[in-house]
Amino acid sequence: MIEAGIGIYAIAVPALLLFALASAEYIWPRRALVLGRYPRWRTHVLFFATNAVVGRILSFFVVIGVAATWADAHRFGMLQFLNWPFWAEAWMAFVVLDFAVWFQHFAMHRFPFFWRMHAVHHSDRDLDVTTALRFHPFELIVSTFYKSAMVALLGVPLVVALAFELWLNANALFNHSNIRLPKKLDRMLRIFFVTPDMHLVHHSVIVAEQKSNFGFALSIWDRLFGTYYAESHVGAENQKIGLSQFDDQRPSAFVWSMKQPMT
């Protein structure tokens, strides 16, 4: 019953957050959009619809239905042997899984095979809340099986695995959003969490800056591993977004973006 409730929240909360952040972007935009909302938003909605069929089904049935349920039924995974209170196990699972997602993101930029998939996300020439929906199905499949392995190895309880997916999706929507936060609030938040201005650097056309700020939720990993950039060296206002080889209208087209990893 609890798992079903979290499953509903895993859909409802991101949907409401998407609407709220899109509204905030309209009222308090951080930067003017280069390509605008249309047809980018149409393309990103199509990515979301495709991944809802491919990635979300895999995520639910593989990460949740197989990895978490199987690990719990067979008493498999590191957490099964610690015998900690539930809250402590949940806290540890969140931290370890967050690092696992950071490392996956790092690998996506490090290895050419993975980069071809992830480059679809980076080819967007603007950055707003809908960019968080722009992931190629190939990357979603790789990500799903990777997270499944981590969930199983840790022995993450089913309800915690569901809650982490909700946490991850909500943070991705927030840090991709094109909202202007007060500087003091941004500095305070990024001590612990990835803020929109912090993630903005990662989407720079400058390759060295793309290889920084890999975090999706917690900012500690970039600080620990020396990949933290406070701001683009040209400044947030002057920073160009996207990939330098695609400095045109093509990234706003869905069919072109779907074919991108094969070109």
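Use the structure listed above.
A.B. asks: Got a minute to help me understand the nonpolar core in this structure?
C.D. replies: Nonpolar side chains tend to gather and get buried jointly when the protein is soluble and globular. In this structure, L97, V156, V160 and F216 are the most contacted members of the largest nonpolar core, which totals 25 residues. Of all the secondary-structure elements, those providing two or more residues to this core are α1 (2-27), α5 (86-110), α7 (137-154) and α8 (158-176). Broken down by element, the residue count for this core peaks at 7 residues, all from α8.

A.B. asks: Help me understand unusual backbone geometry, please; the structure alone is not making it clear to me.
C.D. replies: A negative phi angle characterises most non-glycine residues, just as the trans form characterises most peptide bonds. For the bond running from Y38 to P39, omega is 15 degrees, close enough to zero to count as cis. Within the secondary structure layout, P39 lies in the loop between α1 and α2 (40-53). With phi around 50 degrees, N213 is a residue other than glycine that occupies positive phi space. Within the fold, N213 resides in the loop between α11 (207-210) and α12 (220-224).

A.B. asks: In this structure, what is going on with the pattern of salt bridges? I would like to understand it.
C.D. replies: As a working rule, side chains carrying opposite charge can pair if their charged atoms are close by. Scanning the model with the defined rule gives 11 salt bridges in all. R40 is paired through a salt bridge with D128; the nearest N and O atoms lie 3.0 Å apart. Of the two residues, R40 is situated in helix α2 and D128 in the loop between α6 (112-122) and α7; the sequence distance between them amounts to 88 residues. Just as R40 is buried, D128 falls in that class too. Three or more residues joined by partner-sharing salt bridges are found here, namely R30, R180, D197 and E237.

A.B. asks: Sorry if this is basic, but what is going on with the packing of aromatic side chains here?
C.D. replies: The description of an aromatic ring pair uses the distance of the two centres, along with the angle that the planes make with each other. Overall, the coordinates contain 16 aromatic pairs when judged by the stated rule. Between W167 and F193, the ring centres sit 6.0 Å apart and the planes meet at 65 degrees, which makes this aromatic pair edge-to-face. With a gap of 26 residues between them, W167 in helix α8 and F193 in the loop between α9 (183-189) and α10 (196-202) connect regions that are remote in the sequence. Taking relative accessible area as the criterion, F193 reaches 31% and is therefore assigned partly exposed.

A.B. asks: Can you help me understand the packing of α5 against α7 in this one?
C.D. replies: Each packed pair of helices is defined by two parameters, the angle between the axes and the distance between the axes. α7 packs onto α5 with a crossing angle of 145 degrees between their chain directions and a minimal axis gap of 11 Å. The two elements α5 and α7 cross, and the hand of that crossing is right-handed. Residues V96, L97, A100, V101, F103, Q104 and M108 of α5 form the contact with α7, whose participating residues are E139, V142, S143, Y146, K147, M150, V151 and L154. The class makeup of the residues in the contact of α5 with α7 is 11 nonpolar, 2 polar and 2 charged.

About the thresholds
- Residues numbered from 1 in each chain as written.
- Predicted model: local features only at pLDDT ≥ 70, side-chain atom pairs only at ≥ 80, totals over all residues.
- Heavy atoms only, no water.
- Core = buried A, V, L, I, M, F, W, Y, C linked by side-chain atoms within 4.5 Å.
- Buried < 20%, exposed > 50% of the residue type's maximum accessible area, 1.4 Å probe, protein only.
- Helix = DSSP H or I, 4+ residues; strand = E, 2+ residues; numbered from the N terminus.
- Salt bridge = Lys/Arg side-chain N within 4 Å of Asp/Glu carboxyl O.
- Phe/Tyr/Trp six-rings, centres within 6.5 Å; stacked < 30°, edge-to-face > 60°.
- Axes fitted to C-alpha atoms, helices over the stretch in contact; angles between N-to-C directions.
- Left-handed = near helix turned anticlockwise from the far one by under 90°.
- Contact = heavy atoms within 4.5 Å.
- Nonpolar A, V, L, I, M, F, W, Y, C, P; charged D, E, K, R; others polar.

The values are spatial; any link to function lies outside them.
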